[in-house]
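Listed below are the residues making up each chain.
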Amino acid sequence: MIGGLFIYNHKGEVLISRVYRDDIGRNAVDAFRVNVIHARQQVRSPVTNIARTSFFHVKRSNIWLAAVTKQNVNAAMVFEFLYKMCDVMAAYFGKISEENIKNNFVLIYELLDEILDFGYPQNSETGALKTFITQQGIKSQLTKEEQSQITSQVTGQIGWRREGIKYRRNELFLDVLESVNLLMSPQGQVLSAHVSGRVVMKSYLSGMPECKFGMNDKIVIEKQGKGTADETGKSGKQSIAIDDCTFHQCVRLSKFDSERSISFIPPDGEFELMRYRTTKDIILPFRVIPLVREVGRTKLEVKVVIKSNFKPSLLAQKIEVRIPTPLNTSGVQVICMKGKAKYKASENAIVWKIKRMAGMKESQISAEIELLPTNDKKKWARPPISMNFEVPFAPSGLKVRYLKVFEPKLNYSDHDVIKWVRYIGRSGIYETRC
Amino acid sequence: MPYLGSEDVVKELKKALCNPHIQADRPRYRNVIQRVIRHMTQGVDMSSIFMEMVKASATVDIVQKKLVYLYMCTYAPLKPDLALLAINTLCKDCSDPNPMVRGLALRSMCGLRMPGVQEYIQQPILNGLRDKASYVRRVAVLGCAKMYNLHGDSEVDGALVNELYSLLRDQDPIVVVNCLRALEEILKHEGGVVINKPIAHHLLNRMPDLDQWGQAEVLGFLLRYQPRSEEELFAILNLLDSSLQSSSPAVVMAATKLFLVLAKEFPHVQTDVLVRVKGPLLTACSSESRELCFAALCHVRRILRSLPGHFSSHYKKFFCSYSEPHYIKLQKVEVLCELVNDENVQQVLEELRDYCTDVSADLAQAAIFAIGGIARTYTDQCVQILTELLVLRQEHITSAVVQTFRNLVWLCPQCTEAVCRALPGCEENIQDSEGKQALIWLLGVHGETIPNAPYVLEDFVESVKAETFPAVKMELLTALLRLFLSRPAECQDMLGRLLYYCIEEEKDMAVRDRGLFYYRLLLTGIDEVKRILCSPKSDPSLGLLEDQAERPVSSWVSEFNTLVPMYSKACWAAISSLQVSESRGLEAMGTGVLSTSGSLVSENKEELQPLSDSGSFLLVPNGQLTAEQFEKTWLSLEVAHQEVLPWQGVAHPDTIQTALQMVNIQPIALSKAGVQPWKAYLSAQDGAGCLFLTELLLDPEHSQVHLSVKQSQDKTEALNSFISVLKTVIGTIVDIKS
């Protein structure tokens, strides 16, 4: 149970404060500011105990959200709730920033009133909330129909979908969003790599459609490809091994366990169908090859080569390579073949940006870093080179094989549904040590 | 944070609220109210315009209503008489045709925290419980809990409780979960909501309809249910299987805990469950949601305590990335240290060595201590790595390494030689108290094998006047005296100087007393000094004891998925001890009558009866001692005896109480079953009028019970007899349970 929820800006000013339980006093708001936001040292833990009160906080850009409780609660749930809170707010007004929070503060109080009661999480589905908390907030009188919608949405057989939805055009969008994480040793050895992915579906379908989703999951393909050994060998190459996956509430897990098939009745609008993680046979879109040479005590020569490792027809975007420089850097000369590179003294790094890069290409940057002589004995710890990018394929190798829609009661078939599939691979923590 | 000139702001807003032009202009009116709320958020006291705000609540604009209600809930305790005025409007709203308005009004009404509101809200709540809109029912159910919370001491209304129990069958899933929450609060003093077989199975069937919060919470409530048969147990586990695959980490964690608790009799099922949640936990550990990742890592550490090899093959998942927050890195270092085995030790050590030179001194030290932990098993490799680190001549690194060395030679004497070779030169790079103490200790104990030990210590003696830490001076005294015993010629002179300084010039009492003590000790002759100071230089058995950390899963399962794993052990102990001392007074009052029947008790009757009769020692019943008297006596006496006894599982207060009463030991106060930490205070009196006061403190982590006895008269024999009686009783209870 959550005793109170506070939102602060980076200076520690209270933007929102809502107390749900008597045991949380006004002084709790100040206690968190003084002990955590204004503390000099780094944040030691996302859970802080001040005077027997636990403060759970998450940070979004420079906004602090803190949930407060005196009970011995389930930590995962409180954090999940805070994330949910952020999602709901983002769904209403976009980015969580000081300005947006100040402009929407009435709305946030309204939301806080609905999603928590007496400190207990209530209905937190954005879809349901949007039916009665509108951004304008003017909708004071609901029509009869809308009222019944609210009730049927939560009391119907299927909690996540109401009946009687109609669209002129039946359409659905599937986004496979992956974030690829890498930790590579200076010698080019992969220390650890994983992909965490999400399949997000946006559906605009009439009635109560039954959907079936298929992907190139190794276990499924091996099951189907029992026919000939030749076939399994072939398809085995394209299939992927999923380490762990979870589904939206609407997916019938019993069917997944027995047949490994993913069937469901989707909620209306956008939702996250599944979340997964893979660690094997990851396609690393970029390889970073660093070369650092210390020339005497006052000069460093850095050469970094990046190689793109995917089909030449595809284009990677928003590429950014961050090469850290020592604290006592006095000047930097950079030469790069492609894109733009700049030394940012405030961030202690050379930032190299390339707008687009095709597959199977190579590019390099060389820099001469002049150092101020220091008598500091401390050796420079050489932070890793990190990278950001976006590629139009799934680094895990996941492919959507089919998504079939059946609606027995209404007269539209699978062929009438317009379907869109998109793959986006982004960098998570993508670091190469040097 | 009251702003300067806040009075003017209040005055201005008050004027604006009263202005009829503004009142007529709806957007402007709402705007003024928004400003009131904004100032309230910032901590400005806005209570003086309560009257004007109450007026503003009579509007058709639902957003304005919400804002006004929020205001009223905040300031109602300060202005109870004015708040009563608002009740009328609220009551009217409670019968509005729009369910949203009904719900909002009811919620706000229950949120008014002021005396006397109960009589007004009772009827609306009862109506709300039977409302046809589920939205209103949800609010009404929690309203019951709020109403009860306002008057914590009032009688529990049986009819209301029954109504809530029947609402557990409501078709709306949130109403069901809210009922559980409300009942839990209302029945707090009776041990919370009762989960019997029909309720448990009903909840299990409703699980798929619930949202993630509901699922996580219901899983928590189900912990209370004890399946009647093995068959039923496995049926439940099958039903809940899907929860282990939920996309919500909170549900997965709650389900894991429930599985572990339900399957406590089947260790293989427990292990199986832990294997199954490995995937979700690893996912959480590498999740981009940092805070969840932190929570998962804390739990991974718990699991590793029981199954050290559980994550060994995934050790690379726990390598730190540069951009991760500090708290995650520290947890990962701890995890790495705990999952080391023969196959991965090389890689893990290489990784940890990289962290030792991290820019963050905290992380570097944590990594060094982690290597020290691994060194208990893989001594040679680790000592070599640590020795190489000394070359860097960094203060924080050297200090941490020397501290690690000190702990290491105590546990693993085989590395003493290597450590002694590495020590010379370290003294130049240590500035902090902990590091200095460790170095001085090492030089004192192993000084005979370090050639320059006396000279290093001499430097410390020379600069003792400038030394700021008393602990370092104490350590220096002891070390120098020890070294003097093995190398008298080199040390005699400076020992004299140090003793002189400590006795004549030192201002810290503890250091001076230590100096005087050693001086007098030296006067008794060198043999006596040797006898007292030359204790063993290492104790490998201590390490063996610590290595046997493989605790059964059940030792931590009750803490799984709570805050306990999130806080460090010391921090949690401090929090919980404070809470106990606060609640002790309450408990002493609360434990009046407890039922004394039970089949367990009649069984041990025969065993216990002769026992109390045997021997000359007899306890007589003394019913007169009250809780206050006990507390007074307890505080005035010294502890006469302390002991630790084995104990399994949770304590059942009534069993213990009845068993103790058999032998005329009177329980004064007992914690409720399952409370952490569990404590009991007992009193007894023997024929000669000597009082025995006892405290039992349960330590479930080590399966022990701590026993401390105080005695009103100083009689050793009686004390021993009393303790033996008490031990037999405790022994019997433990036997019955196991």
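Residues numbered from 1 in each chain as written. Chains lettered and ligands numbered in written order. Predicted model: local features only at pLDDT ≥ 70, side-chain atom pairs only at ≥ 80, totals over all residues. Heavy atoms only, no water.

Draft legend 1. Representation of the domain arrangement of chain A in the model. Per the domain assignment, the segments making up chain A are domain 1 (4-130), domain 2 (171-223 + 238-281 + 406-429) and domain 3 (286-391). One C-alpha centre belongs to domain 1 of chain A, the other to domain 2 of chain A, and the line joining them spans 31 Å. (Domains from an automatic or database assignment.)

Draft legend 2. How the structure looks around the interface of chain B and chain A. Counting residues at the interface gives 99 residues for chain B, matched by 91 residues for chain A. Of the roughly 7,900 Å² buried at the junction of chain B and chain A (both faces included), carbon and sulfur atoms supply 53%. A per-residue breakdown of the area chain B buries against chain A is headed by B:Thr41, B:Trp213 and B:Glu291, which together make up 9% of the total. Summed over the shared surface of chain B and chain A, the number is nine salt bridges. For A:Arg433, the salt bridge goes to B:Asp354, with nearest N and O atoms at 3.7 Å. Between chain B and chain A we count 35 residue pairs in polar contact (both at pLDDT 80 or more) in total. (Contact = heavy atoms within 4.5 Å. Buried area = accessible area lost by both parts, 1.4 Å probe. Salt bridge = Lys/Arg side-chain N within 4 Å of Asp/Glu carboxyl O. Polar contact = N/O pair within 3.5 Å; in protein donor to acceptor, adjacent residues only side chain to side chain.)

Draft legend 3. A look at the confidence of the model for chain A. Residues and elements named next belong to chain A. Summarising the model, chain A shows a mean pLDDT of 85, and 89% of its residues fall at 70 or more. Taken as a whole, residues 152-157 scores under 50 in pLDDT and shows 14 contacts with residues more than four places along the chain or in a different chain. In this model, residues 227-236 is a region of pLDDT below 50 whose contacts with residues beyond four sequence positions or in other chains number four contacts. (pLDDT = per-residue confidence, 0-100.)

Draft legend 4. Local environment of the packing of helix H8 (residues 118-129) of chain B against helix H9 (residues 134-150) of chain B. All names here are of chain B. Two numbers describe how H8 lies on H9: the axes approach to 8 Å, and their chain directions differ by 145°. As for the relative orientation of H8 and H9, their crossing is left-handed in sense. Residues Gln-118, Ile-121, Gln-122, Ile-125, Gly-128 and Leu-129 of H8 form the contact with H9, whose participating residues are Val-136, Arg-137, Ala-140, Val-141, Gly-143, Cys-144 and Met-147. Across the contact of H8 with H9, the residue classes break down as eight nonpolar, four polar and one charged. (Axes fitted to C-alpha atoms, helices over the stretch in contact; angles between N-to-C directions. Helix = DSSP H or I, 4+ residues; strand = E, 2+ residues; numbered from the N terminus. Left-handed = near helix turned anticlockwise from the far one by under 90°. Nonpolar A, V, L, I, M, F, W, Y, C, P; charged D, E, K, R; others polar.)

Draft legend 5. Structural view of the environment of A:Ala75. Residue position: A:Ala75 is located in helix H2 (residues 75-93). Judged by relative accessible area, A:Ala75 falls into the buried class, the value being 1%. Discounting chain neighbours no more than four positions away, the residues touching A:Ala75 are A:Phe56, B:Leu563 and B:Met566. (Buried < 20%, exposed > 50% of the residue type's maximum accessible area, 1.4 Å probe, protein only.)

Draft legend 6. Structural detail: the domain arrangement of chain B. Taken domain by domain, chain B consists of domain 1 (40-194), domain 2 (442-448 + 460-537) and domain 3 (627-736). Here the C-alpha centroids of domain 2 of chain B and domain 3 of chain B sit 43 Å apart.

Draft legend 7. Main features of the sheet that holds strand E2 (residues 14-19) of chain A. Residue and element names in this part refer to chain A. Taken in spatial order, the five strands line up as E2-E1-E5-E4-E3 in an open sheet, and their pairing is antiparallel. Looking along the sheet, the strands with just one partner apiece sit at the ends: E2 and strand E3 (47-50). The sheet shows a mean angle of 20° between the axes of neighbouring strands, taken without regard to direction. Across five bridges, the pairing between strand E1 (residues 4-8) and strand E5 (residues 63-69) is antiparallel. Considered in E5, the bridge of Gly-4 is made with Val-68. (Pairing = 2+ DSSP bridges.)

Draft legend 8. Highlighting the pattern of salt bridges. Throughout the structure, instances matching the rule amount to 52 salt bridges over all chains. Its salt-bridge partner being B:Arg102, residue B:Asp131 comes within 2.9 Å of it at the nearest N-O pair. With B:Asp131 in the loop between H8 and H9 and B:Arg102 in helix H7 (residues 99-111), this residue pair connects regions lying 29 residues apart in the sequence. Each member of the pair, B:Asp131 together with B:Arg102, is buried. Ionic pairing is found between B:Arg224 and B:Glu184, a salt bridge with its closest N-O pair at 2.8 Å. Note that B:Arg224 is positioned in the loop between helix H13 (212-222) and helix H14 (230-239) and B:Glu184 in helix H11 (residues 173-186), a separation of 40 residues in sequence. Several salt bridges share partner residues, and in doing so they unite A:Arg18, A:Asp113, A:Glu114 and B:Arg107 into one network.

Draft legend 9. Structural context of H9(B). Helix length check: H9(B), at 17 residues, gives a terminal C-alpha distance of 24 Å against a target of 24 Å (1.5 Å per residue), a fit within 8%. With 15 of its 17 residues buried, H9(B) lies for the most part within the structure. (Expected span 1.5 Å × (residues − 1).)

Draft legend 10. The arrangement of the sheet that holds strand E18 (residues 340-344) of chain A in detail. All names here are of chain A. Read from one edge to the other, the open sheet built from nine strands follows the order E11-E13-E9-E8-E23-E21-E16-E19-E18, with strand pairing classed as mixed. With partners counted over all chains shown, the strands left at the sheet margins are strand E11 (244-247) and E18, one partner each. With strand direction ignored, the average angle separating the axes of adjacent strands in the sheet is 15°. Summarising the sheet, strand E8 (residues 171-184) and strand E23 (residues 418-432) pair through 13 bridges and their orientation is parallel. The residue bridging Asp-175 from the neighbouring strand is Arg-422, located in E23.

Draft legend 11. Summary view of the nonpolar core. Core analysis: the largest hydrophobic core is formed by 262 residues, its most contacted members being A:Phe56, B:Met46, B:Tyr71, B:Ile195, B:Phe318 and B:Phe405. For this core, the element with the highest residue contribution is H2(A), accounting for 14 residues. Non-local contacts of B:Ile195, meaning those with residues more than four positions away in its chain, are made with B:Leu180, B:Ala200, B:Leu203, B:Phe221, B:Leu222, B:Arg224 and B:Tyr225. Counting residues in hydrophobic clusters, the runner-up holds 33 residues, among them A:Leu182, A:Leu284, A:Ala316 and A:Ile369. (Core = buried A, V, L, I, M, F, W, Y, C linked by side-chain atoms within 4.5 Å.)

Draft legend 12. Representation of a positive patch on the surface within the structure. All names here are of chain A. On the surface, Lys-340, Lys-342, Lys-353, Lys-355 and Arg-356 cluster together to form a positively charged patch. Those elements giving two or more residues to the positive patch turn out to be E18 and strand E19 (349-358). Broken down by element, the residue count for the positive patch peaks at three residues, all from E19. Checked against the element boundaries, Arg-356 lands in strand E19. (Patch = residues over 30% accessible without salt bridge, like charges linked within 9 Å, V, L, I, M, F, W, Y side chains within 5 Å. Areas by Shrake-Rupley, 256 points an atom, 1.4 Å probe, with all protein chains shown as cover. Lys, Arg positive; Asp, Glu negative; His and termini not counted. Charge placed at Lys NZ, Arg CZ, Asp CG, Glu CD.)

Draft legend 13. The packing of aromatic side chains, seen in detail. Residue and element names in this part refer to chain A. Per the counting criterion, the structure on display carries 26 aromatic pairs over all chains. Measuring from ring centre to ring centre gives 5.1 Å for Phe-286 and Phe-389, while their planes differ by 50°; the resulting arrangement is tilted. Here Phe-286 is found in strand E14 (residues 286-295), whereas its partner Phe-389 is found in strand E21 (residues 385-391), with 103 residues between them in sequence. No difference in accessibility class separates Phe-286 from Phe-389, as the two residues are buried. Among the aromatic residues, those joined into a cluster by ring pairs are Phe-6, Tyr-8, Phe-32, Phe-55 and Trp-64. Over the ring of Tyr-92 we find Lys-130, and its NZ or CZ is 5.5 Å from the ring centre. (Phe/Tyr/Trp six-rings, centres within 6.5 Å; stacked < 30°, edge-to-face > 60°. Lys NZ or Arg CZ within 6 Å of the ring centre and 35° of its normal.)

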